[in-house]
Amino acid sequence: MNEKKDKLTKERRVSRRSMLKGMAAGAAAIAIPNTSDASIWDAFFQKHFREMNSSEVSAVIERLEREYSEKYKLPIEVKATKAIPGVKFGYGLDLSRCIGCRRCVYACVGENNQSRNPQIHWITVLTFKEGEKWVDLEEANKYYNPSKVPEPGHFYMPVQCQQCENPPCVKVCPTKATWKEDDGIVVIDYNWCIGCRYCMAACPYGARHFNWAEPGIPKEEINKSTHYLGNRPRYKGVVEKCTFCIQRTRHQPGRYTACVEICPVGARKFGNLLDPDSEIRYCIENKRVFRLKDDLNTNPKFFYFFAT
Amino acid sequence: MRIVLILIVMFFFTLLQPIVVVATHEGSHSNKSGESKVERDLPKYFVPPPPFSEGIFPCSDCHADMEVNPTRRKLEMFHTNIELKNHAEDQRWCLDCHNPDNRDVLRLASGKLISFEESYYLCGQCHGTIFRDWKAGVHGKRTGEWNGKKVYRLCVHCHNPHQPRFKPLVPKPPPVKPIDIR
């Protein structure tokens, strides 16, 4: 008797599931005609990244690598390297050295596969006239284009994701597609992002950017070394931003970010806030540091300072 | 014949340069200075080779059998492009930094000789606070691994020692204005 009931429920469950399956497949077929590919199916039912076990993660990675290689005809590697225990990343930017040359902007675009057309820049360099009211991000000029920089009487302030400890963007996300990792990096799962752009409205630094169209990158410029939570190719309709070059930095030993390495004046500093011997700790302990819009209680891990 | 010989020697030196840098890092540098125990308590810093103009080093190729001329003057026979500017030039002359007897090394105020791979000690004599920041990786820049091997830049990679003011650069293009997107 009991056995029979068990069998019945099982049967029912199975049939319910297969019906769901059929419905979803039907929906997928309507939305994306001509593709009866299993990977769409898998993508549709992909779990939340943080709830996947390691074999589920590898399956997703494998699927993505396959999809990317089909789409871009390139062997694109997608890593899912985890945060290093005992590391909290921090960043320093020396405003007394920055000359506004924008080398960082384009190094970041190249390293992180940002769309060239339509253009997406994760770093924006603002300029202010000396003596003028400043730290007014909305009013600042980012389109300056003199023949040489620095221009006399000006200073420059690059702005990118401030990697807040208390990130407002994370709080507003309705699908939990963005969160703060253990090493302090705020990341986005492009497969969970639905493109509602609440996070962009919530970010006080204008650090998040939206893919209004399918990202356009010349094939030969694609960086093939990517991270799931970082620079892997994005889709139309998702939000993206700086991840402290998660694909480079999360290693033992890990490389500096692309913007640190390109900076010709050495204004950019990066390291572990928990390591008393790191460059970033030296800056915080020996220089006058400040954080952007500190009063909003976002608690950024991005420190501006004046070395002189 | 002699010129050919010099050329051959120079060619081999260019081949050797990377090796010289590594050796310096390991603290076993054997420059002709004979006196290489400068500030041994400080760590050695990994740096790319000094940014010499092509063919200028070793200086002793020419200077070994040249008379030292310590008088302050406008150089007319050679090094005519070198002019001291914005670097307290009224109080300074070449041989405050360059060693008169063996031109392949630099000389500190104390009389100690250092190689060109360690020219930061020379600058550090007068720019102490900057040198301190540089050692911590905060003035100037490091590349490589944030938690591993780092490559420093010499002061002279960014500052011409003779005219040290940082040279302005051509900026990369500004972002597209929203009004220009279509």
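This one's a predicted model, so the numbers in the text were calculated from it and none came from an experiment.

Quick word on the overall build of chain A
Moving on, step 1. Looking only at helices and strands, one finds nine helices and 12 strands in chain A.
Moving on, step 2. Here chain A, with 308 residues, has 49% of them falling under the buried criterion.
Moving on, step 3. Pairs at least 24 apart in sequence give 67% of the contacts found in chain A among residues at least 6 apart.
Moving on, step 4. If you sum the accessible surface of chain A, you get close to 15,200 Å²; carbon and sulfur atoms cover 54% of it.

Brief notes about the confidence of the model for chain B
All names here are of chain B.
Moving on, step 1. Mean pLDDT over chain B works out to 81, with 75% of the residues at or above the 70 mark.
Moving on, step 2. Under a pLDDT of 50 for its full length, residues 9–42 has, in the predicted model, 38 contacts with residues more than four places off or in other chains.
Moving on, step 3. Predicted complex, confidence summary: ipTM 0.82, pTM 0.86.

Overview of the pairing of strand E4 (residues 154–159) of chain A
All names here are of chain A.
Moving on, step 1. By the criterion of burial, E4 is predominantly enclosed, with five of the six residues buried.
Moving on, step 2. Direction of pairing for strand E3 (residues 124–129) relative to E4: antiparallel, over a ladder of six bridges. Within the sheet, the bridge partner assigned to leucine 126 lies in E4 and is methionine 157.

Topic: the side chain of Thr143(B)
Moving on, step 1. Following the sequence through the fold, Thr143(B) ends up in strand E3 (residues 142–144).
Moving on, step 2. Overall, the relative accessible area of 10% leaves Thr143(B) in the buried class.
Moving on, step 3. Within the local environment of Thr143(B), its side chain forms a polar contact with the side chain of Arg153(B), the two groups lying 3.1 Å apart.
Moving on, step 4. Non-local contacts of Thr143(B), meaning those with residues more than four positions away in its chain, are made with Tyr256(A), Glu261(A), Lys149(B), Lys150(B), Val151(B) and Arg153(B).

Considering the interface of chain A and chain B
Moving on, step 1. Taken together, the 44 residues of chain A in the interface contact 30 residues of chain B.
Moving on, step 2. Its largest share of buried area at the contact with chain B, chain A owes to Tyr143(A), Tyr256(A) and Tyr282(A), together 20% of the area lost on that side.
Moving on, step 3. Counting every contact that joins chain A to chain B gives two salt bridges.
Moving on, step 4. Run the count over chain A and chain B and you get 22 residue pairs in polar contact (both at pLDDT 80 or more).
Moving on, step 5. Going through the elements one at a time, helix H4 (103–111), helix H8 (258–262), strand E10 (268–272) and helix H9 (279–286) of chain A are the ones with two or more residues in the side of chain A that touches chain B.
Moving on, step 6. For the side of chain A that touches chain B, a count of residues per class yields 23 nonpolar, 11 polar and 10 charged.

Some words on the packing of aromatic side chains
Moving on, step 1. Under the counting rule described, the total for this entry stands at 26 aromatic pairs over all chains.
Moving on, step 2. Between the aromatic rings of Phe49(A) and Trp179(A), the centroid separation amounts to 6.2 Å while the plane-to-plane angle is 25 degrees, which identifies the pairing as stacked. Here Trp179(A) lies in strand E5 (residues 178–180) and Phe49(A) lies in the loop between helix H2 (38–44) and helix H3 (54–72), a separation of 130 residues in the sequence. Accessibility classification places Phe49(A) together with Trp179(A) in one group, the buried group.
Moving on, step 3. Taken together, the ring pairs in this structure connect Phe89(A), Tyr91(A), Phe244(A), Phe270(A), Phe290(A), Phe302(A), Tyr304(A), Phe306(A) and Trp146(B) into an aromatic cluster.
Moving on, step 4. Taking NZ or CZ as reference, Arg197(A) lies 5.0 Å from the ring centre of Phe210(A), over its face.
Moving on, step 5. Above the face of the Tyr143(A) ring, Lys177(B) is positioned so that its terminal group lies 5.1 Å from the ring centre.

Focus on the environment of Ser225(A)
Residues and elements named next belong to chain A.
Moving on, step 1. Tracing the sequence through the fold places serine 225 in strand E8 (residues 225–227).
Moving on, step 2. For the pair formed by serine 225 and phenylalanine 302, sequence separation is 77 residues and the distance between their alpha carbons is 25 Å.
Moving on, step 3. Excluding its chain neighbours within four sequence positions, the residues that come into contact with serine 225 are Glu77, Lys79, Asn231 and Gln247.

Describing the nonpolar core
Moving on, step 1. If you look at the biggest cluster of nonpolar residues, it comprises 64 residues, and the most contacted ones within it are Met157(A), Val159(A), Tyr228(A), Phe244(A), Phe270(A) and Tyr304(A).
Moving on, step 2. Those elements giving two or more residues to this core turn out to be H3, strand E2 (89–94), H4, E3, E4, H8 and strand E12 (302–306) of chain A.
Moving on, step 3. It is H3(A) that contributes the most residues to this core, six residues altogether.
Moving on, step 4. Each residue touching Phe270(A), except ones within four places of it in the same chain, is listed here: Phe89(A), Gly90(A), Tyr91(A), Phe244(A), Thr249(A), Tyr256(A), Thr257(A), Val260(A), Glu279(A) and Trp146(B).
Moving on, step 5. Counting 17 residues, the second largest nonpolar core, distinct from the first, contains Val47(B), Phe57(B), Tyr120(B) and Tyr121(B).

Digging into H9(A)
Moving on, step 1. Listing the buried residues of H9(A) in full gives Glu279(A), Ile280(A), Tyr282(A) and Cys283(A). Along the axis of H9(A), the buried positions cluster into a sector of 160 degrees, meaning they face one direction only.

What about the pattern of salt bridges?
Residue and element names in this part refer to chain A.
Moving on, step 1. In total, this model carries 18 salt bridges over all chains according to the counting rule given.
Moving on, step 2. Note that aspartate 183 and arginine 250 form a salt bridge whose closest N and O atoms lie 2.8 Å from each other. With aspartate 183 in the loop between E5 and strand E6 (186–188) and arginine 250 in the loop between helix H7 (246–249) and H8, this pair connects stretches of sequence that are 67 residues apart. The same class applies to aspartate 183 as to arginine 250, namely buried.
Moving on, step 3. Notably, a salt bridge pairs aspartate 294 with arginine 291, separated by 3.3 Å at the nearest N-O pair.
Moving on, step 4. Sharing partners across several salt bridges, the network here consists of Lys88, Glu165, Lys180 and Lys301.

Some words on unusual backbone geometry
Moving on, step 1. Cis peptide bonds are those with omega within 30 degrees of zero, and the linkage from Asn117(A) to Pro118(A) qualifies with 0 degrees.
Moving on, step 2. Residue position: Pro118(A) is located in the loop between H4 and E3.
Moving on, step 3. Residue Pro253(A) is bonded to the preceding Gln252(A) through a cis peptide linkage, with omega at -5 degrees.
Moving on, step 4. If you check the backbone angles, Asn299(A) has positive phi at about 55 degrees while not being a glycine.
Moving on, step 5. Take Asn299(A): it is sitting in the loop between strand E11 (288–290) and E12.
Moving on, step 6. Here the phi dihedral of His79(B) falls at roughly 50 degrees; this positive angle occurs in a residue that is not glycine.
Moving on, step 7. Within the secondary structure, His79(B) sits in the loop between helix H2 (60–63) and strand E1 (106–107).

Cut-offs and rules
- Residues numbered from 1 in each chain as written.
- Chains lettered and ligands numbered in written order.
- Predicted model: local features only at pLDDT ≥ 70, side-chain atom pairs only at ≥ 80, totals over all residues.
- Heavy atoms only, no water.
- Helix = DSSP H or I, 4+ residues; strand = E, 2+ residues; numbered from the N terminus.
- Buried < 20%, exposed > 50% of the residue type's maximum accessible area, 1.4 Å probe, protein only.
- Contact = heavy atoms within 4.5 Å.
- Areas by Shrake-Rupley, 256 points an atom, 1.4 Å probe, with all protein chains shown as cover.
- pLDDT = per-residue confidence, 0-100.
- Pairing = 2+ DSSP bridges.
- Polar contact = N/O pair within 3.5 Å; in protein donor to acceptor, adjacent residues only side chain to side chain.
- Buried area = accessible area lost by both parts, 1.4 Å probe.
- Salt bridge = Lys/Arg side-chain N within 4 Å of Asp/Glu carboxyl O.
- Nonpolar A, V, L, I, M, F, W, Y, C, P; charged D, E, K, R; others polar.
- Phe/Tyr/Trp six-rings, centres within 6.5 Å; stacked < 30°, edge-to-face > 60°.
- Lys NZ or Arg CZ within 6 Å of the ring centre and 35° of its normal.
- Core = buried A, V, L, I, M, F, W, Y, C linked by side-chain atoms within 4.5 Å.
- Arc of directions from axis to C-beta.

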